[in-house]
Amino acid sequence: MNPDSVKISAAWKEALKAEFEAPYFDEITRYIRKAIADGKTIYPPGRLIFNAYDLVPPQNVKVVILGQDPYHNPGEAMGLCFSVPHGINIPPSLKNIYKELNEDLACRIAGLGDLTKWANQGVFLLNAILTVEKNQPGSHGRIGWQQFTDQTISYLSDHFDHIVFMLWGNFARSKRPLINPDRHLILEAAHPSPLARNAFQGCRHFSKANQYLSTHGKPEVDWSL
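Along each chain, residues carry numbers from 1 onward, in the same order as the chain's sequence is written. With pLDDT at 70 or above as the cut-off, local features in this predicted model cover only qualifying residues; side-chain atom pairs require 80 or more to be listed or tallied, and sums for whole chains, interfaces and linings still use all residues. By convention in this description, side-chain values take in all heavy atoms of the structure and omit both hydrogens and water.

**Section: the environment of Gln 136**
Right, on to step 1. Residue position: Gln 136 is located in the loop between strand S4 (132–133) and helix H7 (145–159).
Right, on to step 2. We call a residue buried when its accessible area falls under 20% of the maximum for its residue type, exposed when it is over 50%, and partly exposed in between, using a 1.4 Å probe and counting protein chains only. Given a relative accessible area of 42%, Gln 136 falls into the partly exposed group.
Right, on to step 3. Put simply, Gln 136 and Phe 165 are 29 residues apart on the chain and 28 Å apart in space, counted from C-alpha to C-alpha. We count a stretch as a helix when DSSP gives it H or I for four or more residues in a row; a strand needs E for two or more, and each element gets its number in order from the N terminus.

Below, the structure written as structure tokens:
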């Protein structure tokens, strides 16, 4: 799995060239190849592992939403955190995100779970862990992906200005030290999962993000779906 064999934007290939060439990335590749050879199913499909990177080159990133690892049920993972393809039932966390959007910006609650429209506007929907084994949540949490995605976050923080980072839940909030708060807006909230007992509701992150982007001369995100 080298940058020439995966679907990822040219700008990210160059920006993360050192990571792709690092020994730990070879270990990730070997681990996944062995898992597949052993008959295990890995999500998302190979062509979508770097979907977030392919849809949003670094220079286009306006907002980063950070997830943990991909959905582990069949047909759900598509390489964009919180997003599922057309025809797949909307997961509970995404339902709560839609509820907050409705309360915050009066967006109609969407009947689909595909967030590609957001990505096309510069919303980088990044999972910290890029793959998972079928029906085994967190199964690839220790194979090296976090080193790769930590470098991704640091690169964005160090090379650009006025990005909005949305950190939802303790796992995402643990990435705060990677982000320069003098150059970017960091928004923190509870995770949108129902397990957080609606603590996510009322965070108003979407209107806050648009206000910040507008203040710094960037187009607002149309969050409606």
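**Looking at the sheet that holds strand S3 (residues 123–127)**
Right, on to step 1. Across the sheet, which stays open at both edges, the 4 strands sit in the order S3-S2-S5-S6 with parallel pairing between neighbours. Whereas interior strands pair on both sides, the edge strands pair on one side only; in this sheet they are S3 and strand S6 (185–189). Strand-to-strand twist of the sheet, defined as the mean angle between neighbouring strand axes without regard to direction, takes the value 20°.
Right, on to step 2. Pairing between strands requires that DSSP locate at least two bridges from one strand to the other. One ladder, built from 5 bridges, connects strand S5 (residues 164–168) with S6; its direction is parallel. The residue bridging Phe 165 from the neighbouring strand is Ile 186, located in S6.
Right, on to step 3. It only takes one pair of heavy atoms within 4.5 Å for two residues to be counted as in contact. Only the stretch in contact is used when fitting a helix axis, every axis being a line fitted to C-alpha atoms; angles between N-to-C directions are given from 0 to 180 degrees. Sheet strands in contact with helix H9 (residues 205–215) are strand S2 (63–67), S5 and S6, and its direction is about 165° off that of S5.

**A word on unusual backbone geometry**
Right, on to step 1. Cis geometry is adopted by the peptide bond preceding Pro 44, which originates at Tyr 43 and carries an omega value of -10°.
Right, on to step 2. Relative to the helices and strands, Pro 44 is located in the loop between strand S1 (42–43) and helix H4 (51–55).
Right, on to step 3. At His 162, a residue that is not glycine, the phi angle is positive and equals roughly 60°.
Right, on to step 4. Positive phi outside glycine occurs at Arg 204, with the angle close to 60°.
Right, on to step 5. The topology assignment puts Arg 204 in the loop between S6 and H9.

**Some details on the packing of helix H5 (residues 92–105) against H9**
Right, on to step 1. Running from N to C, H5 and H9 point in directions that differ by 60°, and their axes come no closer than 8 Å. By the criterion of interaxial angle, the relationship of H5 to H9 is oblique. Residues Ile 97, Glu 100, Leu 101, Asp 104 and Leu 105 of H5 pack against His 205, Phe 206, Ser 207 and Asn 210 of H9.
Right, on to step 2. Counted by class, the contact of H5 with H9 contains 4 nonpolar, 3 polar and 2 charged residues. To sort the angles, those under 35 degrees are grouped as roughly parallel, those over 145 as roughly antiparallel, those from 65 to 115 as roughly perpendicular, and the leftovers as oblique. Gly is put with the polar residues, along with every residue not named as nonpolar or charged; the nonpolar set is Ala, Val, Leu, Ile, Met, Phe, Trp, Tyr, Cys and Pro, and the charged set is Asp, Glu, Lys and Arg.

**Some details on the nonpolar core**
Right, on to step 1. Membership of the largest hydrophobic core comes to 66 residues, with the highest contact counts inside it found for Phe 50, Ile 65, Trp 145 and Trp 223.
Right, on to step 2. For this core, the element with the most residues is S5, which contributes 5 residues. Buried Ala, Val, Leu, Ile, Met, Phe, Trp, Tyr and Cys residues form a nonpolar core when they are joined through side-chain atoms within 4.5 Å.

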